[in-house]
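What the coordinates show
Here's the letter readout for the chains.
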Amino acid sequence: MATNTPEIKRLPQDVADYKLSSFDQGSPCLSFSSLGSPLTPLRWHSSKPPPWLTDGRQNKAKDSKGAVQHNPYDQGVVEGTVYGTQLALAQMLPSLKKSTYATYHDLMGIESIIPRQDALVTKQQLYQWSTAGDFPHCNSVPKPQQLAANQIFDSLGRKTIGRMLPNIMPKPFLDAVVIDYKVTISDSVVIFKKRLQAAQTRVIPPEEKTDWPCRYAKTCSQVADWIRHEIAIHLTHTHLIEEAVIVASQRIFEWDHIITRILYPHWYKTLSLNQAAREILLPKIIFDIVGFSTEKCKAFINYSYNNFNWQEQHAPEDLKKRGFEPSALNDDKFRNYAYAKNIHPMWKMIKSFVSDMFAIRYKCDDDVVADSAIQKWCDEIRDSQKGRIQSFPQSITAFDALANAVTINIIRVSFINKPSALFSAPPKTLNQLKLYTEQNLMAALSVDQPRQCLLMSHLPYLFSFRVQSGQSLAGYVSSLYNVYKEKKPSAADPHANGIKLATTLFYDALVKFDAEVAVISAQMDDHVRHPYNVLDSDITAISILI
C-alpha cells in the first residue's frame, strides 16, 4: 500500500552496528585512556613534545620573564592506541592550517583535541573568569607576550577576512527600527487577523494575498521574534550562559568527576566559538543587521543574561510557560508543532540517561549532599563576580534536582530564518497601516539592501551546518559504547559495566525516539514537501556548537 510518509534514515537496531564515518575521539569525557578502538596501546610522556607538534624542534618559547613556556601537549598522552592516535593526528594537522579560534584554544589546552587529565589547580589556571566585557566569559584571549596573532591564525586568512568584512557592510546603515509595544495596547498600532480558523488546505485565499496591512504586521512579528530568539534565547541563554557553566565546572570539578564526564562532549569547541562570536560575529554582523543601536543591543544582551531563569528552561516547564501543556501535545490542533512533540520525549530520554550515569556515583540523595563539589559549583555559578546566574539553585541536595540541572545543559535551541529588522519606519497609526500596499512591505524588507540581505539570508545556513556523525547524539552514544564494550571494571575505571549498560539503554531509547520523530513528521500537513526531522538523533549535535 502506498504511503506519503517521508523516508527518514533509521538507526541500526543494535548500537554495535552503528558506523562512525568521521574522527572518533572515543568519548574522551568518559575514558581518557582509550582513543578510538581498543587496539595496541601507545604511550608517550612529558619529557618532550612529539615531533608532529613542533616540526621536530623543542618548544623554546619564553614568557615576559624569560621562563620557558612548554606546549600544553608536553604532558603527553599517558595511554592510548595507535589507531586512536593516528585519528587524532588526522584531526589535528588540518586545524593548523585553519584561520580559527579553535586552533588557539586547542594549543593552549583550553579545548584540546587530545583529552587531558589536568589536576584541578591546573584547570583553575586555564579557566579563569574574564573581567572585561559586559557578561561573564572565559578569559581565553592570548596575551601579547604569549603568542602573536600571526602565530595563532593563518596570516593570509586573517588579512582576507579583515578586508572582506568592512567591504560587505554598508558605510551608512539605514535607520531601521522594529515595531514597539508602547506601554499599553491602546497606545500601540494594532491590527487583527480577519480569519481566525486554520485553513483546511494549503491554498491561500485570494483576499489574503493582497491583505498588505496584515502581511506587514506579520513581518513585524517575525522581526520581533528574530530579535528575541537570536539575541536572547540563542546567543545569551544558550552560548553565553553555557560558557559560564563551562568555566565554573572546569574550575570546581576534577577531570574525572561524573558531571564533567557527562557534560564534556556537550562543550566541544564552545569556548573558541564564543570568542569568535564576541570578536567577529557580534560587532561585524549582528550589531549591524538589527534595528537598534549597538549600545541598546548590548543592554538587551545583559538584560537577557541577568534575567535568565534557570528553572524555566526545563523543557516541560518551558512548554507550559508558552501555553503548550505536555499532556495535550497529541491533540490534533498541535499536529504541526513537531518541535514541541519531539523535544518533550527527548528531554525525558536524555534525563533518563543522565540519571543512569548518576546512579553509578550517587545511590541516594544523601550521596548528592555528601559531594561537597556540588555546593561549590552552585556558589561559583551564582557568584555576582563570577558566573552571575542568580537563578541557578542555591544548593542541590536531591538526585532528581541534580539530574535536571545537568540535563538542561544538553538540550538547547536552533537558529531561525526570519528578517532581523525593518528597513523603513513602521506606521504610527492604524489608519496609516490600513493604507499599506505591497510597496510598503517590500520597503520594510532588505531586498533593496543586498549586503544586509545576504548576511541575513546566509546566517541560518552558517549556523545550521550538518554535524559529523561522530559529533551527533547517536554518534556520541556509539563512540561511548565502542570505548566500553570490551572494558572490564578496574581500579582506574571501576564503573565500566555501569557505563556500558547506561549507554546501551540510551541507544535503544534513541532508536525508539527516531521512529517517533518519523511518525510525528508524517502527521504534519506539509510532511511530503518538508519532513520535520530536525531532532533526529543522527543529525542532532551532542555539542552545543552553533
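Located above this text is the structure these notes cover.
Now for a look at the structure at hand. (Residues numbered from 1 in each chain as written. Predicted model: local features only at pLDDT ≥ 70, side-chain atom pairs only at ≥ 80, totals over all residues. Heavy atoms only, no water.)

1. Thoughts on the overall build of the protein chain
Looking only at helices and strands, one finds 21 helices and two strands in the protein chain. Per-residue burial over the protein chain gives 48% buried out of 546 residues. Counted over contacts in the protein chain with a minimum sequence separation of 6, partners at least 24 positions apart contribute 77%. For the protein chain, the accessible surface area stands at approximately 27900 Å², while carbon and sulfur atoms represent 54% of it. (Helix = DSSP H or I, 4+ residues; strand = E, 2+ residues; numbered from the N terminus. Buried < 20%, exposed > 50% of the residue type's maximum accessible area, 1.4 Å probe, protein only. Contact = heavy atoms within 4.5 Å. Areas by Shrake-Rupley, 256 points an atom, 1.4 Å probe, with all protein chains shown as cover.)

2. Considering the nonpolar core
Generally speaking, soluble globular proteins have nonpolar side chains that are buried together. If you look at the biggest cluster of nonpolar residues, it comprises 99 residues, and the most contacted ones within it are Ile259, Phe358, Trp377 and Ile389. At 12 residues, helix H8 (residues 212-252) tops the list of elements feeding residues into this core. Beyond its immediate chain neighbours, meaning those up to four positions away, tryptophan 377 contacts Val245, Ala248, Ser249, Ile252, Phe253, Ile259, Phe392, Ile396, Leu402 and Val406. If you look at the next biggest cluster of nonpolar residues, it comprises 10 residues, including Tyr216, Val223, Leu422 and Ala444. (Core = buried A, V, L, I, M, F, W, Y, C linked by side-chain atoms within 4.5 Å.)

3. With respect to the side chain of threonine 540
As for its position among the elements, threonine 540 is in the segment after helix H21 (496-522). A distance of 3.3 Å separates the side chain of threonine 540 from the backbone oxygen of valine 534, its partner in a polar contact. A distance of 2.9 Å separates a polar atom in the side chain of threonine 540 from the backbone oxygen of aspartate 536. Other than its neighbours up to four places away in sequence, threonine 540 contacts Val467, Gln471, Ser472, Leu473, Val534 and Leu535. (Polar contact = N/O pair within 3.5 Å; in protein donor to acceptor, adjacent residues only side chain to side chain.)

4. So, unusual backbone geometry
Within the chain, lysine 269 stands out as a residue other than glycine whose phi angle is a positive 65°. The topology assignment puts lysine 269 in the loop between helix H9 (258-263) and helix H10 (270-289). In the Ramachandran plot, arginine 388 falls in the positive-phi region, its phi being about 60° despite a non-glycine side chain. With respect to the secondary-structure elements, arginine 388 resides in the loop between helix H15 (372-382) and helix H16 (399-407). In this structure arginine 388 comes out as partly exposed when scored by relative accessible area, which is 22%.

5. Details of helix H20 (residues 473-484)
An ideal rise of 1.5 Å per residue puts 16 Å on 12 residues; H20 measures up with 17 Å between its terminal C-alpha atoms. Counting buried positions along H20 yields 12 of 12 residues, so the element is predominantly enclosed. Buried within H20 are the following residues: Leu473, Ala474, Gly475, Tyr476, Val477, Ser478, Ser479, Leu480, Tyr481, Asn482, Val483 and Tyr484. Turning to H20, the residues buried within the fold contact H9, helix H13 (338-361) and H21. (Expected span 1.5 Å × (residues − 1).)

6. Regarding the pattern of salt bridges
Overall, the coordinates contain 14 salt bridges when judged by the stated rule. Salt-bridge contacts for glutamate 317 lead to lysine 320; the nearest nitrogen and oxygen are separated by 3.9 Å. With glutamate 317 and lysine 320 both in helix H12 (residues 315-321) and three residues apart, the pair spans about one turn of that helix. What makes lysine 320 partly exposed here is its relative accessible area of 40%. Its salt-bridge partner being lysine 351, residue aspartate 400 comes within 2.8 Å of it at the nearest N-O pair. Pair noted here: aspartate 400 is in helix H16 and lysine 351 is in helix H13, with a separation of 49 residues, a long-range link. Judged by its relative accessible area of 42%, aspartate 400 is partly exposed. (Salt bridge = Lys/Arg side-chain N within 4 Å of Asp/Glu carboxyl O.)

7. Side note on the environment of glutamine 124
On the secondary structure map, glutamine 124 appears in helix H4 (residues 120-126). Of the polar contacts made by the side chain of glutamine 124, one reaches the backbone oxygen of arginine 251; its length is 2.8 Å.

8. A short note on helix H11 (residues 294-306)
Between its first and last C-alpha atoms H11 spans 18 Å; for 13 residues at 1.5 Å apiece the expected length is 18 Å, and the two agree. Of all the positions in H11, only Cys297, Ile301, Asn302, Ser304 and Tyr305 are classed as buried. Looking straight down H11, one finds that the buried residues subtend no more than 160° of arc, so they occupy a single side. In H11, those exposed residues whose orientation departs by more than 90 degrees from the buried face are Glu295, Lys296 and Tyr303. (Arc of directions from axis to C-beta.)

Read these as spatial facts, not as claims about activity.
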